[in-house]
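These are the residues of each chain, in order.
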Amino acid sequence: MPIACSLLIHALLSAGAVPPPEDSWWPSELPSRVATPLAESPDQHDARMAWWRESRFGLFIHWGLYAIPGGYWEGRRTGGAEWILNSVKIHPDDYMPLQQQFDPVDFDPMKWVMIAKNAGMKYIVITSKHHDGFCLWPSELTDFDVEGTPFGRDILGELAEACRNEGIVLCLYHSIMDWTQPDYLPRRAWDDRPADGADYQRYVAYMKGQLQELVDRYQPAVLWFDGEWEGTWTHEDGQAMYDFVRTIDPAVIVNNRVDTGRTGMAGLTRSGGYRGDFGTPEQEIPATGMPFGVDWETCMTMNRSWGYQSFDVAFKPTQELLRKLVDIASKGGNFLLNVGPDERGRFPEESIDRLAAIGDWMQVNNESIHGTFASCFTDLDWGRCTRRNLPDGNQRLYLHVFDSPASDVIRLPGILNDPVERGAYLLATPGAGPLAVERAGADLVIRLPEGMSPGIDTVLVLDIEGPAIVVEAPSIDVTEPIFLESATLNFSAVSDDVEIRYTLDGTTPELGSANGGIGPIEIRRSATVMARCFFEGSPVGSVATAALRRVEPLRAVQTLTSRPGLRWTTHLGAFETVADFADIKPATEGVATSIDLSMQPRPENFAVRFTGFLEAPQTGVYRFSLDSDDGSRLKIGDVVVVDNDGLHSALEKSGVIALEKGLHPFRLDYFEGTGQDDLILKWSGPNFELQPIPAEALKR
Ligand code: JFZ
C-alpha cells in the first residue's frame, strides 16, 4: 500500500472518523505528518508523544503459534511459553508445522478490544511477529504467516478495524530476533539447516520490507521492537531501523529496544546517542520513577508467562495490578499489562476477571490516571499521588489512599501551596460534603470521611494554588566526594520560604546550626555534611547527607622513556569474570591509541587487556566512567577505580581517584561472553568534562 494511503488514514483519525469518546478524557489526536521527521523540535516531540503520555494504560497481547503447545511439548509439561522453540531446543522443521494447526475459531477482535477499553486501557500492543518468526498478518515476504494456516484470516487487519471502531490505538510488537527466517543469524545450536547461504543484511532488508507492509496496512501508532540483544544486531542497525520507520511514518513512536542502548531489565536508555522514544522496564517499576521528560513504560505479565500456558495460574490479585498501575502513574510512566490468548483465541478467564475489576475502578476513577503526570511527593506513607494542571493555573492533586491510615487524617508533607477554597473531596462522590483541609506548618492535613476503609484505592481530589511546591531534603552540590586542598559546597531548596541549616560534624542540623542559604562554603578537612530545611522554625523534609573526603593524590611514576599507545592482548575462552583470563596466554597482541574493541579476535567468548600508563595532565580529582557488556575492571596503580565485573548486559559504573600530574600504571580488563559487546571508557578531570581518553594520555 502506498504512503498516500496511510496519510489518508491519519487524516481520517484527526478528522474525527473515530467515534467520539463517551468519557471525559480521550487521547489527543494522533499528530499529523511533519516534513522532517528526525529533526523534530522539543514541541514537535511533545506533540508526537502526547497521546501516548496521556494514555497511561495499555494492553500487551502475546499471541502466535506457541499458544498451541501452550508450554507442553511431546506430552511433557516443558514450560517456555512463547520461548518454547528455544527452551525445548525444537528444530524449526518440527516447530513450523504448527502453522497447519493454527485455527483460533474463537478469535473475536471486538471482544478483545472491548475488554481493553472497559478496563480503561487506551492502546493495544500485539505481536505482529515474535521470536519464532510467525506473522499474524498475510505478509508478501514470507509464507510463515497467518495466510498459510487453516484459519487464513488477517488477524492484525481485523484487530485494527475493531480498534478503529472503538477508538483504541493499535500498536505492534515486532521481534528483531527470528529463529526460523533462514537469513537470520546466529542460528540456534540445534538448528542444523545449512547456514552457508544465510545473509544477515538480507534479513535486515526483510524486516524493513515487513515493517513497510505493517505501516502501510495498519498504521501502528507504536512500533515496539524486541530481541535486539544478539550480537548480530548492532547500534548502527538500530539507528538505521529507527530512522527508517520514522521516515516511512513520522508520527510513529518507537521503543528503545530498536537500538542497543537498553539497560537490561531496568530497560532505560543509556546515554550516548541511542535511539528510542521510551524506555521499557520489564516486570519491574523504577523505584523512584524517572526525571521529568524521560518517557518509560513498564510491561508486565498478569501471571508468569507472556504467551499462553494453561498451567500458569499464578495470577496477581486485582489489587496488586491496580496499585501497580497507580504506582506507575504516580511516577510518570505507562503500564503495559499482558494477556496471552489461548490457541482458540480466548483470553484466560483470570485475565478477563481482573481486567473487568480494574475497569470497575477505572469507571469511577479514570480521571486520576489518564492525562495525569507524576507525583510531587517522593514518599507518602498512605499511598500515591498523581497530578493534572488546571486551565486556571492551579493544580489538581489526586490522592490515592491505599492503606487505612492510623488516624482519620492523611498528611501531605512539606507542601507550601494553599488549597483552593473548595477543599478536598472524594473523586467517587464529588457532590458529598467537602473534606476539611488544614495547614499544619509546612504540611496540609486532610480529614477523611468517618469510617472510610480505602479498599483497593480511594481517590481524594485536592486543588491547590499554582504548581506544587514541596519541600524535601535540600540538595548538597559538590563536584566530587573527594578533594585535594579544599572543596566548595552549595546548598539549595525548592523555595525561598524555607531556610537551610547545615552541620559538618555528622550531627543533625537544628534551627541554630549554620545557615546554608548564604552562598558557597569552602571546606578544607574531611567532613560529613548534613543539611535540612526549616519552615517557620520547624524542620521540613528529610536530612540530606554527603561524605566528603580530603585525600592525597596518587604519586606519579617515573619512567625512562614512554611511547604512545597502550599495549593490548586478547584471550580466548568462556569467561565469567575478569579474573578468569588472568592466566590464559594471549591469542593476539598489539598497541592501541584509543580504547575500543577493534582488535576483538572473534564475536564471542574472548577477553582484552589494556596495559600501560595514563598521563594525568594536572594534579587533581579524576572520574572514570566505564560502560561495558560484559564485565570490565579499571585499575590505576594498585587501586581498583571501577569494578564493573561479571556477566551482564551493557552497564555503566564510575569511580573517582585523585592523581598527581604525570604517568600512572594503567590496566583495563574486559571480557565478552555471548550476545552484544561493548566497551566505553570516559574520564572527566580538573577543567574538563566527561569525554573519551585522548591518545596523548595513553602511554606504554
Ligand atoms: C522479551 C521477550 O523475549 C519475551 O518473550 C517477551 O516478549 C518480553 C516482553 O520481551 O523478554 C526479555 C527481553 C529482555 C530481557 C529479558 C526478557 N532482558 O534484557 O533482561
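Conventions adopted
- Residues numbered from 1 in each chain as written.
- Predicted model: local features only at pLDDT ≥ 70, side-chain atom pairs only at ≥ 80, totals over all residues.
- Heavy atoms only, no water.
- Helix = DSSP H or I, 4+ residues; strand = E, 2+ residues; numbered from the N terminus.
- Rg over C-alpha atoms; globule rule 2.2 N^0.38 Å.
- Buried < 20%, exposed > 50% of the residue type's maximum accessible area, 1.4 Å probe, protein only.
- Contact = heavy atoms within 4.5 Å.
- Areas by Shrake-Rupley, 256 points an atom, 1.4 Å probe, with all protein chains shown as cover.
- Near = heavy atom within 4 Å.
- Polar contact = N/O pair within 3.5 Å; in protein donor to acceptor, adjacent residues only side chain to side chain.
- Nonpolar A, V, L, I, M, F, W, Y, C, P; charged D, E, K, R; others polar.
- Pairing = 2+ DSSP bridges.
- Axes fitted to C-alpha atoms, helices over the stretch in contact; angles between N-to-C directions.
- Right-handed = clockwise from strand over helix to strand, strands pointing away.
- Disulfide = S-S within 2.5 Å.
- Expected span 1.5 Å × (residues − 1).
- Domains from an automatic or database assignment.
- Buried area = accessible area lost by both parts, 1.4 Å probe.
- Salt bridge = Lys/Arg side-chain N within 4 Å of Asp/Glu carboxyl O.
- Patch = residues over 30% accessible without salt bridge, like charges linked within 9 Å, V, L, I, M, F, W, Y side chains within 5 Å.
- Lys, Arg positive; Asp, Glu negative; His and termini not counted.
- Charge placed at Lys NZ, Arg CZ, Asp CG, Glu CD.

Trainee: For this particular structure, what's the right way to read the overall build of the chain?
Mentor: Along its length, the chain carries ten helices and 35 strands. Against the compact-globule benchmark of 27 Å for 700 residues, the chain has a radius of gyration of 29 Å, which places it among compact chains. In terms of overall dimensions, the chain has a C-alpha envelope of 75 × 75 × 50 Å along the principal axes. Relative to its full complement of 700 residues, the chain shows a buried share of 55%. By sequence separation, contacts in the chain at least 24 residues apart represent 70% of the contacts at least 6 residues apart. On the chain, roughly 29,400 Å² of surface is accessible, and the fraction owed to carbon and sulfur atoms is 50%.

Trainee: So what exactly am I meant to see when it comes to the site of the ligand here?
Mentor: With respect to spatial proximity, 14 residues lie near the ligand, and among them H62, E82, W83, H131 and E282 are the closest. A distance of 2.5 Å separates an oxygen atom of the ligand from a polar atom in the side chain of E82. Take E282: an N or O atom from its side chain is 3.1 Å from an oxygen atom of the ligand. For the ligand, whose unbound accessible area comes to 450 Å², protein coverage reaches 83%. Of the residues belonging to the shell around the ligand, the class tally is six nonpolar, three polar and five charged.

Trainee: Looking at this structure, I do not really get the sheet that holds strand β10 (residues 383-389). What am I missing?
Mentor: Strand pairing in a sheet takes place through backbone hydrogen bonds and is either antiparallel or parallel in direction. Judged by pairing direction, the sheet is antiparallel, and its four strands sit side by side in the order β10-β11-β16-β13 without closing on themselves. This sheet does not close on itself; its edge strands, each paired only once, are β10 and β13 (419-426). In this sheet, adjacent strand axes meet at a mean angle of 15° when their direction is disregarded. As judged from the seven bridges shared by β10 and strand β11 (residues 395-401), these two strands associate in the antiparallel manner. Bridging from a neighbouring strand, R384 pairs with H400 of β11.

Trainee: Help me understand the pairing of strand β5 (residues 169-175) in this model?
Mentor: Side chains on a regular strand alternate between the two faces of the sheet. Counting buried positions along β5 gives seven out of seven residues, so the element sits mostly inside the fold. Covered by surrounding structure in β5 are V169, C171, Y173 and S175 together with L170, L172 and H174, the residues of both alternating faces. Summarising the sheet, strand β4 (residues 123-129) and β5 pair through six bridges and their orientation is parallel. Bridge assignment links V125 to a residue of β5, and that residue is C171. With helix α6 (residues 155-166) bridging β4 and the parallel β5, this β-α-β connection has right-handed handedness. Sheet topology note: the β5/strand β6 (residues 222-226) ladder contains four bridges and is parallel. When the bridges of β6 are listed, S175 appears paired with D226.

Trainee: Honestly, the environment of A329 in this entry has me stumped. Any pointers?
Mentor: Within the secondary structure, A329 is located in helix α9 (residues 318-330). The exposure class of A329 is buried, given its relative accessible area of 1%. For A329 and T180, which are 149 residues apart along the polypeptide, the C-alpha to C-alpha distance reads 38 Å. Leave out the neighbours within four places in its chain, and A329 touches R56, I369, F373, A374 and T386.

Trainee: I'm lost on the state of the cysteines in this one. Help?
Mentor: Note on terminology: a disulfide is the covalent bond linking the sulfur atoms of two cysteines. A full pass over the atoms with the stated rule returns zero disulfides. Here C163 stays unpaired: no disulfide links it, and the sulfur of C171, its closest cysteine neighbor, is 8.4 Å away. As a non-bridged cysteine, C533 has C376 as the owner of its nearest cysteine sulfur, 15 Å distant. Judged by relative accessible area, which is 1%, C533 ranks as buried.

Trainee: Explanation requested: α9 in the structure shown.
Mentor: The periodicity of an α-helix, 3.6 residues per turn, causes residues three or four places apart in sequence to face the same way. A rise of 1.5 Å per residue sets the reference length of α9, with its 13 residues, at 18 Å; its end C-alpha atoms lie 18 Å apart and thus fit the reference within 8%. At its buried positions, α9 is contacted by β1 (57-61), β8 (297-301), β9 (334-339), α10 (349-365), β10 and β11. G332, located one to two residues past α9, shows a positive phi value of around 80°.

Trainee: Help me out: how do you make sense of the pairing of strand β33 (residues 678-685) in this one?
Mentor: Most of β33 sits out of view: six of its eight residues are buried. Note that strand β28 (residues 620-629) and β33 share seven bridges and pair antiparallel. Considered in β33, the bridge of S628 is made with L679. Two elements, β33 and strand β34 (residues 688-692), share three bridges in a ladder whose sense is antiparallel. Along β34, the bridge assignment pairs G685 with F688.

Trainee: I'm lost on the domain arrangement of the chain in this one. Help?
Mentor: The assigned domain composition of the chain is domain 1 (3-13 + 42-368), domain 2 (383-464), domain 3 (475-550) and domain 4 (566-699). Inter-centroid distance (C-alpha atoms) of domain 1 to domain 4 is 37 Å. Contacts between the two partners involve ten residues from domain 1, matched on the other side by seven residues from domain 4. Note on domain 1 versus domain 4: buried area summed over both sides is about 610 Å², and carbon and sulfur give 38% of it. On the domain 1 side of the interface with domain 4, the three residues burying the most area are W229, G231 and R270, jointly 56% of the side's total. For the pair domain 1 and domain 4, the number of links is two salt bridges. D627 is paired through a salt bridge with R270; the nearest N and O atoms lie 2.9 Å apart. Across the domain 1-domain 4 interface, the total number found is four residue pairs in polar contact (both at pLDDT 80 or more).

Trainee: Can you help me understand unusual backbone geometry in this one?
Mentor: For residues other than glycine, phi is negative in most cases, and the peptide bonds are mostly trans. A cis amide bond links L185 to the next residue, P186, at an omega of 0°. Residue position: P186 is located in the loop between β5 and α7 (200-218). Cis geometry marks the peptide bond from D629 to D630; its omega dihedral reads 5°. Inspection of the secondary structure puts D630 in the loop between β28 and β29 (632-636).

Trainee: Please clarify how a negative patch on the surface should be interpreted in this entry.
Mentor: A cluster of acidic residues, E74, D93, D94 and D192, forms a negative patch on the protein surface. Within the secondary structure, D93 sits in helix α4 (residues 92-95).

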